[in-house]
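# Inside the fold
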Amino acid sequence: MSDVISAAQPRYALIRETIRRRISSGDWPEGFRIPSEHKLLEEFQVSRMTVHRALRDLTDEGLLTRVQGLGTFVAERPPSTDVVELRSIADEIAARGNVHACRVEQLLAVAADAGLSRRFNLPVGAKLFHSVVVHSENDVPVQLEERWVNPAAVPAYLDQDFTRQTPGEYLIRVESAPQVEHVIEAVSPTPEIARLLGVPDSEPCLRVTRRTWAQGRVVTVAMLVHPGSRYRLGARFQLPPP
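The following refers to the structure shown. Because the structure is a prediction, the values reported are computed rather than measured. (Residues numbered from 1 in each chain as written. Predicted model: local features only at pLDDT ≥ 70, side-chain atom pairs only at ≥ 80, totals over all residues. Heavy atoms only, no water.)

## A look at helix 3 (residues 48-61)
Its 14 residues place the ends of helix 3 20 Å apart at the C-alpha level, agreeing with the 20 Å of an ideal helix rising 1.5 Å per residue. All of the buried residues in helix 3 are Thr50, Val51, Ala54, Leu55, Asp57 and Leu58. Seen along its axis, helix 3 keeps its buried residues to an arc of 155 degrees; they face one direction. Of the exposed residues in helix 3, the ones pointing more than 90 degrees away from its buried face are Met49 and Asp60. The inward-facing, buried residues of helix 3 abut helix 1 (11-24), helix 2 (37-44) and strand 1 (64-67). Two residues or fewer after helix 3 comes glycine 62, characterised by a positive phi angle close to 90 degrees. (Helix = DSSP H or I, 4+ residues; strand = E, 2+ residues; numbered from the N terminus. Expected span 1.5 Å × (residues − 1). Buried < 20%, exposed > 50% of the residue type's maximum accessible area, 1.4 Å probe, protein only. Arc of directions from axis to C-beta. Contact = heavy atoms within 4.5 Å.)

## Brief notes about the sheet that holds strand 6 (residues 179-187)
One open sheet holds the six strands; their spatial order is 3-4-5-8-7-6, and the pairing between them is antiparallel. Each edge of the sheet is formed by a strand with only one pairing partner; in this case those strands are strand 3 (100-111) and strand 6. Direction aside, neighbouring strands of the sheet carry axes that sit 15 degrees apart on average. Where strand 5 (residues 140-149) and strand 8 (residues 217-227) come together, six bridges link them in antiparallel fashion. Note on strand 8: the bridge partner recorded for glutamate 146 is methionine 223. Contacting strand 4 (127-137), strand 5 and strand 8, helix 6 (residues 167-174) crosses the sheet at an angle of about 45 degrees to strand 5. (Pairing = 2+ DSSP bridges. Axes fitted to C-alpha atoms, helices over the stretch in contact; angles between N-to-C directions.)

## Describing the packing of helix 1 against helix 2
Between helix 1 and helix 2, whose axes approach to 12 Å, the crossing angle comes to 110 degrees. By the angle between their axes, helix 1 is roughly perpendicular relative to helix 2. Residue-level contacts link Arg11, Ile15, Thr18, Ile19 and Arg22 of helix 1 to Leu40, Glu43 and Phe44 of helix 2. The residue makeup of the contact of helix 1 with helix 2, split by class, is four nonpolar, one polar and three charged. (Parallel < 35°, antiparallel > 145°, perpendicular 65-115°, else oblique. Nonpolar A, V, L, I, M, F, W, Y, C, P; charged D, E, K, R; others polar.)

## Details of the packing of helix 2 against helix 3
Relative to each other, helix 2 and helix 3 sit at 110 degrees, their axes nearing to 9 Å. Between helix 2 and helix 3, the angle falls in the class roughly perpendicular. For the pair helix 2 and helix 3, the sense of crossing is right-handed. Residues Glu37, His38, Leu40 and Leu41 of helix 2 pack against Arg48, Val51, His52 and Leu55 of helix 3. In terms of residue class, the contact of helix 2 with helix 3 is built from four nonpolar, two polar and two charged. (Left-handed = near helix turned anticlockwise from the far one by under 90°.)

## Some points on the environment of glycine 125
As for its placement among the helices and strands, glycine 125 is situated in the loop between helix 5 (114-120) and strand 4. Here glycine 125 falls in the partly exposed class, since its relative accessible area comes to 46%. Along the sequence, glycine 125 and glutamine 68 sit 57 residues apart, while their C-alpha atoms lie 9.1 Å from each other. Setting aside residues no more than four positions away along its own chain, glycine 125 makes contact with Ala111 and Ala112.

Distances and angles like these do not, on their own, reveal function.
Here's what the structure looks like:
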């Protein structure tokens, strides 16, 4: 059943606010593909132009994202947490008194598939930069870093020598106060990841998926995979006074 629509406001504005409520209430969560324009015009009994105006406004606000050939989705939005200080893995290894080295496996431009287009809020086929780097501590692989970068935000990414500075070090230098999202999961490595890390396929791994925003757009999505036997993830927090 559609939400009640009155005549007090333009119909496109009422449709827009109805959709906004469905998103804010969680009925339409992030990544949800909303009904087609045809279904919406049938639900609200309005013209296609009216529905299109409502969807365009919400897309301009960043609440919706349109993926060519797939439809319109509720956009994945930046977290509303404080800015997180990022630290390069090279600095972490040096702080332990050990030697960092990295090996670049891939550094090239690619076309965004459906999954990446939704993560970046970009059309399918949009140009992205892609890198695969293996980080070692005292010649032992400890992290596989696979990263996609928005060229509009970091146009010189492919020109960097990541054997001299890590992708993380470079991005920390060029990004201005990014917002950061971390998702941490226990995973089994694919055969290719196991090969690059030099571990058996049965080795449990820790995967950190990191996404950063700056100036309202997604800058980079990275998947950092660590062999469970070679890495520990920890943090220290200062709780506010009661």
